[in-house]
Amino acid sequence: MTTDRLLHFLRAPTGSPAAASTRAVRWGPPQTQRVQFCQGAAGMRRASVSCSSAGSGGEGGLTYKDAGVDIDAGAELVRRIARMAPGIGGFGGLFPYNDDYLVASTDGVGTKLKLAFETGIHDTIGIDLVAMSVNDIVTLGAKPLFFLDYYATSKLDVDLAEKVIKGIRDGCEQSDCALLGGETAEMPGFYAEGEYDLSGFAVGVVKKDKVIDGKNIVKGDVLIGLPSSGVHSNGFSLVRRVLEKSGLSLSDLLPRNDGITTTVGEALMAPTVIYVKQVLEIIKKGGVKGLAHITGGGFTDNIPRVFPSGLGAKIFTGSWEVPPVFNWLQQVGNIDDAEMRRTFNMGIGMVLVVSRESADRIIEDTHVSNPAYHIGEVIEGDGVQYV
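Our next topic: unusual backbone geometry. Phi at Asp176 takes a positive value of approximately 55 degrees, unusual for a residue other than glycine. Summarising the element assignment, Asp176 is placed in the loop between α4 (158–174) and β7 (178–186). In this structure Asp176 comes out as partly exposed when scored by relative accessible area, which is 46%. A positive phi angle, near 60 degrees, is found at Met346, a position not held by glycine. Mapped onto the elements, Met346 comes out in the loop between α10 (337–343) and β12 (348–354). Given the relative accessible area of 12%, Met346 is considered buried.

This paragraph deals with the packing of helix α3 (residues 125–138) against helix α7 (residues 276–284). Relative orientation of the contacting elements α3 and α7 amounts to 5 degrees, with a least axis distance of 10 Å. With respect to α7, the element α3 is oriented roughly parallel. For the pair α3 and α7, the contacting residues are Val134, Asn135 and Val138 in the first and Val276, Val279, Leu280 and Ile283 in the second. Split by residue class, the contact of α3 with α7 holds 6 nonpolar, 1 polar and no charged.

A word on the confidence of the model for the chain. Taken residue by residue, the chain gives an average pLDDT of 84. The fraction at 70 or more is 82%. Taken as a whole, residues 1–25 scores under 50 in pLDDT and shows 48 contacts with residues more than four places along the chain or in a different chain. Within the model, pLDDT remains below 50 along residues 29–42, and this stretch shows 18 contacts once partners closer than five positions in the same chain are excluded.

Attention now goes to the pattern of salt bridges. Inspection of every chain in the model, using the stated rule, returns 14 salt bridges. Taking the shortest distance from any N to any O, the salt bridge between Arg356 and Glu377 comes out at 3.5 Å. Here Arg356 is found in helix α11 (residues 356–366), whereas its partner Glu377 is found in strand β13 (residues 373–380), with 21 residues between them in sequence. The network of salt bridges with shared partners includes Lys166, Arg169, Asp170 and Glu173.

The rules behind the values
- Residues numbered from 1 in each chain as written.
- Predicted model: local features only at pLDDT ≥ 70, side-chain atom pairs only at ≥ 80, totals over all residues.
- Heavy atoms only, no water.
- Helix = DSSP H or I, 4+ residues; strand = E, 2+ residues; numbered from the N terminus.
- Buried < 20%, exposed > 50% of the residue type's maximum accessible area, 1.4 Å probe, protein only.
- Axes fitted to C-alpha atoms, helices over the stretch in contact; angles between N-to-C directions.
- Parallel < 35°, antiparallel > 145°, perpendicular 65-115°, else oblique.
- Contact = heavy atoms within 4.5 Å.
- Nonpolar A, V, L, I, M, F, W, Y, C, P; charged D, E, K, R; others polar.
- pLDDT = per-residue confidence, 0-100.
- Salt bridge = Lys/Arg side-chain N within 4 Å of Asp/Glu carboxyl O.

Structure (structure tokens):
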């Protein structure tokens, strides 16, 4: 492919000369060992599908489908892919290697990038990118090993790209994994001026006898929620519709913010919490049977993914503090409760399913450094009930 159509820039490790070619990939230091895999394994598949069809929020209320994202269509695509590749559907893909599983996950940050362009906040969007993959990996009890990114733009702005990649590096440091490499693609005319796209993937490892798969979850187990920093990196197509409807700018103060001075842009751009170190420490002490990363689909779709057949969840809706940004989104968008709970994390970014006898200890230990909440329990049935 000629350089005027597509130019990949080699991003070399610090201190190494950078090089450019028509087809070059950025990689970290060469590895001393090459590993070949010849056996397939269970995988993951997550979908957030943009569509042109409109839904009805009723009484003028907005829905995620109104904003162009159809969660049901995404779920249907996953079902069809699962028929071609059985085993897909978890938070991470498992690949057996000797006594371990390699665990992989891939993602982007969605239309939160649009707000990054508007606010000029580019140094934390890379944290979001890393978080979306490593938080998935840790739900299986795996420790992230390395991360690779893909940065694409029509015309490379080196200073801007450096800010983004700094955030990626910071996210890797927070999750104690290596930024192994990646790729920068300059594609003239493909993206709007000043805009870029991001994606990435992470690989982790867990001993086969230590993998957390939810198989031992039983009725009466306790759901513990770890708080989010806000919207994280899901639901921004709906967020942007609400923002447009509100008439506020990103530099205006967020209404109903309990006396805290925060702009709308700052509240929405708060980077996704990386739960890796906290969760691995909790797992080490025992009692954890399953974990759910609360991303697109909210509680409603994500918590049941870790349950054996015949079990569901009862959520105690008043058991944690919902951040003001969600109250503002719901009020301005006139969004009903069910839609909020299936689109946003509502203040809880990670849910742990633990044995009843371990619950109090885990909550007490966790409160030493970060809060945790008893948000529900496992019940007989299907899906999620809210009480």
